[in-house]
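Listed below are the residues making up each chain.
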Amino acid sequence: MVAVDSTPAVATGGDGDVIEVSDLGIRFKRNKRAKRSFKDLFAGRRRRSRPDEFWALRNVTFGIRAGEAIGVVGRNGQGKSTLLKLIAGVLFPDEGTVRVRQGVAPLIEITGGFVDDLSVRDNVYLTAGLHGMTKKQIDAKFDEIVSFAEIPGFLDTPYKHLSSGMKVRIAFSVITQLDEPILIVDEVLAVGDKAFREKCYGRIEELLAAGRTLFFVSHSERDLRRFCTRGLYLKKGELVMDGPIDDVIDRYNTDYNMGSVPPVVDA
Amino acid sequence: MTSSTVVRPAQRTPFARYRHSLWLLTKRDLSVRYTTNALGYVWSILDPLLMSLIYFFVFVVVMNRGGTAGEQPYIVYLMAGLLAWTWFNNTITDATRVFSKEAKLVRSVKLPQSLWVARIVLSKGIEYVASLAVLAIFALIFHAPVTWSVLWFPVGLVLQAILLYGLGMIVAPLTVFYKDLERAIRLLLRVLFYASAVLYSPAKWPEAVHGFPIRPLLELNPLTGILGLYRAAFWPQELNLFHVLISAIGALVLLGIGTLVFRRSVPAVLKEM
């Protein structure tokens with residue numbers, strides 16, 4: 001096993017932080033089919049501690065300033081996606097707090113809001129609307145959204161008839177047009193053809209240049225180095241390193257490429 | 001931050017966003033229903049219509065009890081009950097699977113979770129109101145004059161909406177943890193259907209059966225007063241203020257319990273997504 005020398009995370013608390021995570025902890029059931037009792041459900045949050053649960057994240061503290069580009073590094077099942085979901089507000093922590101002071105455009109399961117039976121046009125209005133845009137704002141951006149996705153002839157086609165690449169393209173296009181100051185990206189870029197992927201990268205760089213805050217999860221070293229300046233290294237649900245992205249990636253590589261067998265993923 | 005006058009989504013008030021999202025999801029439900037089936041509207045009324053005809057056949061034609069089961073014309077009486085029951089039944093049934101059906105959206109969009117329940121209540125409620133046209137047509141054909149008590153109708157709508165919202169907030173999260181509950185609720189709904197005065201007038205309830213005080217028990221059903229409020233439109237004597245009071249208290253109590261259950265269980269629900 002690799003020795004875990006948990007460098008205490010540097011908390012950069014203060015007024016400049018747009019994302020402030022302190023003592024964050026969340027636990028999941030190890031066995032989804034585990035029996036539940038009604039008592040379990042209504043027992044207070046704190047009193048509940050069961051042997052069949054594990055902490056997906058614990059004691060995670062960090063702060064992110066506006067305009068920073070953060071890359072989250074870690075093996076599968078070490079809490080990266082969970083952290084993203086907590087920041088996106090689609091999960092709630094069991095311990096600690098997550099404060100997000102600005103709007104978030106989450107590129108997490110981006111096709112989630114799309115309805116198969118509705119037309120592409122209706123879907124754009126629905127998804128952008130659910131993410132908080134008004135009809136007028138969508139009207140103003142509609143052409144841009146459609147032209148970025150490169151599907152001009154399919155506006156009135158039912159969404160289910162699009163190819164899977166088209167589906168991702170239109171979804172990506174909608175979310176990145178949200179105009180929110182914080183962008184959360186969860187490996188969605190792995191899909192789509194090469195040309196479009198490059199286009200997505202271009203779009204993200206454009207947003208970064210415009211001063212957006214980026215929170216990025218990826219296994220691609222290249223992508224991480226390309227977009228991010230600061231890295232968070234998660235291991236077994238703990239934040240073991242918080243520093244410049246190159247240092248974090250180096251540390252990650254040392255941990256996993258230097259002889260010792262990587263720990264079995266337990267989540 | 002920016003000097004532009006455009007208000008970013010996050011800068012709108014939570015209430016405005018909630019209303020906006022609720023309306024979007026409701027519209028989505030309705031348009032999915034009406035664009036995927038050519039007979040969209042017909043489907044939403046076919047079930048209560050067919051059931052009305054079946055019960056009419058059984059009670060009036062076969063058993064010849066139409067004169068005593070409820071008010072006259074009995075077919076209108078039946079429909080007035082069944083249309084409202086359809087709203088109730090469909091909302092609760094949908095609430096039992098809303099989180100599994102919408103899992104992708106729940107996982108990817110940050111929305112107040114109570115929206116998922118509110119939107120079912122609203123879209124089914126709109127379908128109910130739209131289906132009232134059929135009731136009006138039947139009332140015309142069978143000469144059921146509308147009285148001034150029709151003014152109680154909106155009170156019934158509001159009470160039923162509150163009741164459904166409260167129940168939905170109990171049912172929706174619990175079915176995520178206990179899959180069996182989905183079936184159990186379907187059975188309970190069937191029991192409730194016969195226990196509510198849908199097919200007959202609550203005046204028919206006996207005081208007691210073999211010494212068991214059945215009537216007070218049945219009167220606790222908050223649906224009874226609500227059905228009375230609707231039926232008062234044609235038969236003012238159907239309005240029972242005592243039942244309405246029970247409905248109002250019941251709806252508010254369930255709303256309170258629902259809010260509590262929902263708030264307590266949502267973090268765990270999200271983990272199961």
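Criteria and thresholds
- Residues numbered from 1 in each chain as written.
- Chains lettered and ligands numbered in written order.
- Predicted model: local features only at pLDDT ≥ 70, side-chain atom pairs only at ≥ 80, totals over all residues.
- UniProt positions renumbered as here; feature names shortened; annotations may be inferred.
- Helix = DSSP H or I, 4+ residues; strand = E, 2+ residues; numbered from the N terminus.
- Buried ≥ 20, exposed ≤ 12 C-beta atoms within 10 Å, placed from the backbone.
- Contact = placed C-beta atoms within 7 Å.
- Nonpolar A, V, L, I, M, F, W, Y, C, P; charged D, E, K, R; others polar.
- Pairing = 2+ DSSP bridges.
- Axes fitted to C-alpha atoms, helices over the stretch in contact; angles between N-to-C directions.
- Expected span 1.5 Å × (residues − 1).
- Core = buried A, V, L, I, M, F, W, Y, C linked by C-beta atoms within 7 Å.
- Arc of directions from axis to C-beta.
- Parallel < 35°, antiparallel > 145°, perpendicular 65-115°, else oblique.

Within an unreviewed UniProt entry, the label attached to chain B reads Transport permease protein, and the organism entered is Gryllotalpicola kribbensis. UniProt's Subcellular location (unreviewed entry) comment on chain B is quoted here verbatim: "Cell membrane". Its UniProt record gives chain B a comment under Sequence similarities (unreviewed entry), which states: "Belongs to the ABC-2 integral membrane protein family."

Chain A carries the name ABC transporter domain-containing protein in an unreviewed UniProt entry, which gives Gryllotalpicola kribbensis as its organism. The record held by UniProt for chain A lists under Sequence similarities (unreviewed entry) the comment "Belongs to the ABC transporter superfamily."

Participant: Could you clarify how one ought to interpret the overall build of chain A in this entry?
Facilitator: For chain A, the count of helices and strands is 8 helices and 9 strands. Residues classed as buried in chain A amount to 41% of the 267 residues present. Sequence separation of at least 24 residues holds for 75% of the intrachain contacts in chain A that already meet a minimum separation of 6.

Participant: Explain the interface of chain B and chain A here, please?
Facilitator: Many analyses report the size of an interface as the accessible area lost when the parts associate. Contacts between the two partners involve 29 residues from chain B and, on the opposite side, 32 residues from chain A. Residue contributions to the side of chain B that touches chain A peak at 9 residues, all from helix 1 (residues 14–36) of chain B. Along the lines of polarity and charge, the residues of the side of chain B that touches chain A split into 13 nonpolar, 7 polar and 9 charged.

Participant: How should I be thinking about the sheet that holds strand 8 (residues 230–235) of chain A in this particular structure?
Facilitator: Strands in a sheet are paired, the pairing made by backbone hydrogen bonds, and the direction either parallel or antiparallel. Residue and element names in this part refer to chain A. As summarised here, the arrangement of the 6 strands in space is 5-6-7-3-8-9, forming an open sheet in which the pairing is mixed. Bordering the open sheet on either side are strand 5 (104–107) and strand 9 (238–244), each of which pairs with just one other strand. Across this sheet, the average inter-strand angle for adjacent strands is 15°, counted without regard to direction. Judged from the 5 bridges that link them, strand 6 (residues 182–186) and strand 7 (residues 213–217) form a sheet pairing that is parallel. Opposite D186, over in strand 7, you have V217 as the bridge partner.

Participant: Looking at this structure, how should I read helix 11 (residues 241–272) of chain B?
Facilitator: Count 3.6 residues to each turn of an α-helix, and residues three or four apart come out pointing the same way. Between its first and last C-alpha atoms helix 11 of chain B spans 43 Å; for 32 residues at 1.5 Å apiece the expected length is 46 Å, and the two agree. Within the sequence span of helix 11 of chain B, burial applies to H243, V244, S247, G250, A251, L254, G258, F262, S265, A268, V269 and L270 of chain B.

Participant: Teacher, can you tell me more about the nonpolar core here?
Facilitator: In a soluble, globular protein the nonpolar side chains are often hidden away together inside. Judged by nonpolar contacts, the single largest core of 141 residues is most densely connected at I70, I87, I184 and F216 of chain A together with A84 and V117 of chain B. Tallying contributions element by element places helix 4 (residues 74–101) of chain B first for this core, with 17 residues. Once residues within four sequence positions are removed from consideration, A84 of chain B is found in contact with Y128, Q160, I226, L227 and Y230 of chain B.

Participant: Looking at this structure, how should I read the sheet that holds strand 4 (residues 95–100) of chain A?
Facilitator: Residues and elements named next belong to chain A. Taken in spatial order, the 3 strands line up as 2-1-4 in an open sheet, and their pairing is antiparallel. The strands lining the two open edges of the sheet, one partner per strand, are strand 2 (53–65) and strand 4. Ignoring which end each strand starts from, the neighbouring axes of this sheet average 20° apart. Of the pairings in the sheet, the one linking strand 1 (residues 17–29) to strand 2 comprises 9 bridges and is antiparallel in character. Residue D17 lies in a different strand from strand 2, and its bridge partner there is R65. Those strands touched by helix 2 (residues 80–88) are strand 1, strand 2 and strand 4, and its axis lies near 125° from that of strand 1.

Participant: Looking at this structure, how should I read the pairing of strand 1 of chain A?
Facilitator: On any regular strand, side chains alternate: one points to one face of the sheet, the next to the other face. Sheet topology places strand 1 of chain A next to strand 4 of chain A; 5 bridges connect them, and they run antiparallel. Note that in strand 4 of chain A the partner of V21 of chain A across the bridge is V98 of chain A.

Participant: What is the right way to look at the UniProt feature "domain: ABC transmembrane type-2" (unreviewed entry) in chain B in this model?
Facilitator: Mapped onto this numbering, the UniProt entry annotates "domain: ABC transmembrane type-2" (unreviewed entry) at residues 39–265 of chain B. As annotated, residues 39–265 of chain B has a helix share of 75% and a strand share of 0%, and its two end C-alpha atoms lie 38 Å apart.

Participant: Just checking my understanding: could you explain helix 8 (residues 245–257) of chain A for this structure?
Facilitator: Residue and element names in this part refer to chain A. Relative to the 18 Å expected for 13 residues at 1.5 Å per residue, helix 8 spans 18 Å between its end C-alpha atoms, a close match to the ideal helical length. For helix 8, every residue scored as buried is listed here: I245, V248, Y252 and D255. Considered in projection along helix 8, the buried side chains sweep an arc of 90° and stay on one side of the axis. In helix 8, the exposed positions that point more than 90 degrees away from the buried face belong to N253, T254 and N257. Where helix 8 is buried, its residues touch strand 3 (69–73), helix 7 (221–227), strand 8 and strand 9.

Participant: So what exactly am I meant to see when it comes to unusual backbone geometry here?
Facilitator: Excluding glycine, residues mostly have negative phi values, and the peptide bonds linking residues are mostly trans. At the junction of Q72 of chain B and P73 of chain B, the peptide bond is cis and its omega measures out at -10° in the coordinates. Structurally, P73 of chain B can be placed in the loop between helix 3 (66–69) and helix 4. The backbone of D23 of chain A shows a phi angle near 50°, a positive value even though the residue is not glycine. Structurally, D23 of chain A can be placed in strand 1. The residue N59 of chain A is not glycine, and still its phi comes out positive at about 55°. Judged by local crowding, N59 of chain A falls into the partly exposed class, with 17 C-beta atoms found within 10 Å.

Participant: Explanation requested: the packing of helix 4 of chain B against helix 8 (residues 181–195) of chain B in the structure shown.
Facilitator: A pair of packed helices is captured by two measures, namely the crossing angle of their axes and the spacing between those axes. Residue and element names in this part refer to chain B. In contact at an axis separation of 10 Å, helix 4 and helix 8 are set at 170° when each is read in the N-to-C sense. Between helix 4 and helix 8, the angle falls in the class roughly antiparallel. Residues W85, N89, I92, T93, T96 and R97 of helix 4 form the contact with helix 8, whose own contacting residues are L181, E182, I185, R186, L189 and F193. Tallied by class, the residues present in the contact of helix 4 with helix 8 amount to 6 nonpolar, 3 polar and 3 charged.

Participant: Quick question: what am I supposed to make of the environment of A232 of chain B here?
Facilitator: Residue and element names in this part refer to chain B. Within the element layout of this structure, A232 appears in the loop between helix 10 (222–231) and helix 11. Using a count of 24 C-beta atoms within 10 Å as the deciding quantity, one classes A232 as buried. Put simply, A232 and L151 are 81 residues apart on the chain and 8.8 Å apart in space, counted from C-alpha to C-alpha. Contacts of A232, omitting those with residues within four sequence positions, involve S149, W152, E238 and L239.

Participant: How do you make sense of the environment of E53 of chain A when you look at a structure like this?
Facilitator: Residues and elements named next belong to chain A. Along the chain, E53 turns up in strand 2. What makes E53 partly exposed here is the crowd of 15 C-beta atoms within 10 Å. Contact partners of E53, with chain neighbours within four places excluded, come to R27, F28, K29 and R30.

Participant: Would you explain the UniProt feature "transmembrane region" (unreviewed entry) in chain B in this entry?
Facilitator: All names here are of chain B. As annotated in UniProt, the feature "transmembrane region" (unreviewed entry) corresponds to residues 38–62, 74–92, 128–151, 157–178 and 241–262 in the numbering used here. The annotated region residues 74–92 carries 100% helix and 0% strand content, and the separation between its end C-alpha atoms amounts to 27 Å. Within the segment residues 128–151, helix and strand shares are 58% and 0% respectively, and the terminal C-alpha atoms sit 17 Å apart.

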